[in-house]
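Coordinate analysis (summary)
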Amino acid sequence: MAVTTQPDPYAQMTQRARAMWALGAFDRAATEQVIVAELLCRATGIHPGERVLDVAAGSGNAALAASRRGAAVTATDFVPQLLKAAARRAQAEGLDLQTREADAQALPFADGAFDVVLSTFGVMFAPDQARAAAELLRVCRPGGRIGLTETRVRELLGPGITELSAQVLTTDLCGTSPAGRVEFNRTYVGPTKAIFDRLDPAAQQTLADELASCLQQFNRATDGTLVASAEYLQVTATRAAPA
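No experiment lies behind these values; they were computed from the predicted model shown. (Residues numbered from 1 in each chain as written. Predicted model: local features only at pLDDT ≥ 70, side-chain atom pairs only at ≥ 80, totals over all residues. Heavy atoms only, no water.)

**Considering the state of the cysteines**
Scanning the entire structure with this criterion turns up zero disulfides. The thiol of Cys174 is not disulfide-bonded; the next cysteine sulfur, from Cys214, is found 16 Å away. Residue class for Cys214 comes out partly exposed when judged on its relative accessible area of 38%. (Disulfide = S-S within 2.5 Å. Buried < 20%, exposed > 50% of the residue type's maximum accessible area, 1.4 Å probe, protein only.)

Shown next as structure tokens:
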């Protein structure tokens, strides 16, 4: 009897996501959030010599932060040009960083291969979040730590962890003005660029004005520039031992 293979319902979504994040130059935007990665590495208590995996690493903020702490770090992403940016940054700082193209939903590593598994604003965008969470658990050794900035983590990781800590933190969004920040995002941030590219000029202007108005509501600057706080959830968890 022939075996019928069921199509992966997330495969097309993953391909579209890969193409979308390859638009623009996300590394330009990611460098603004280095502090998020540094705080995550501090929260997970990364030690020199530990094996660390940064999943959906982008241009390597968390991977570089871990490498600065003396860890043996591998950065993965499914957009090759972002990994090249991570490698360039590591070389500029004299850091030893391994990079490997990989989908967060199917990591090419053995079970328990890493002491710490990280992801900042990356794995949270995986189309199949349950499978991505299972992969994070699988490649983390029992007793190892998982550090994320993503909601719904407790439900996704479930019994695979023994403890979990969540903390709401803030980071700043800055720009020459609210409108300037919108222009920056539509130029360099793939998903934003993709949305604008699908609209006619009039609709693009309407959307840009609405986004700038939204940013202005949270703007702390009084000189026409933009300094707005943005909340995110930092999560750290400990991998449970197999039953």
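**Section: the nonpolar core**
Within the largest apolar cluster, 25 residues are counted, with the highest numbers of intra-cluster contacts made by Leu53, Val55, Val117, Val123, Val139, Leu148 and Leu157. Listed by contribution, the elements that provide at least two residues to this core are β4 (114-119), α6 (129-139), β5 (140-148), α7 (153-157), β6 (161-175) and β7 (226-239). The element that contributes the greatest number of residues to this core is α6, accounting for five residues. Counting residues in hydrophobic clusters, the runner-up holds 21 residues, among them Leu40, Ala57, Leu64 and Leu83. (Core = buried A, V, L, I, M, F, W, Y, C linked by side-chain atoms within 4.5 Å. Helix = DSSP H or I, 4+ residues; strand = E, 2+ residues; numbered from the N terminus.)

**Notes on the side chain of Asp128**
Within the element layout of this structure, Asp128 appears in the loop between β4 and α6. By relative accessible area, which is 13% here, Asp128 ends up buried. When sequence neighbours within four positions are dropped, the list of residues in contact with Asp128 reads Tyr10 and Gln105. (Contact = heavy atoms within 4.5 Å.)

**Quick notes on unusual backbone geometry**
One non-glycine residue, Ala56, lies in the positive phi region at around 55 degrees. By secondary structure assignment, the location of Ala56 is in the loop between β1 (51-54) and α4 (61-68).

**Focus: the packing of aromatic side chains**
On inspection of all chains with the given rule, the structure shows five aromatic pairs. When the centroid spacing of 5.2 Å and the interplanar angle of 80 degrees are considered together, the rings of Trp21 and Phe26 count as edge-to-face. As far as the burial class goes, Trp21 and Phe26 line up, both buried. Seen from their ring centres, Phe121 and Tyr232 are 5.7 Å apart, and the 85 degrees between their planes marks the pair as edge-to-face. On the criterion of sequence distance, the pair formed by Phe121 in the loop between β4 and α6 and Tyr232 in strand β7 is long-range, its members being 111 residues apart. Overall, the relative accessible area of 31% leaves Phe121 in the partly exposed class. (Phe/Tyr/Trp six-rings, centres within 6.5 Å; stacked < 30°, edge-to-face > 60°.)

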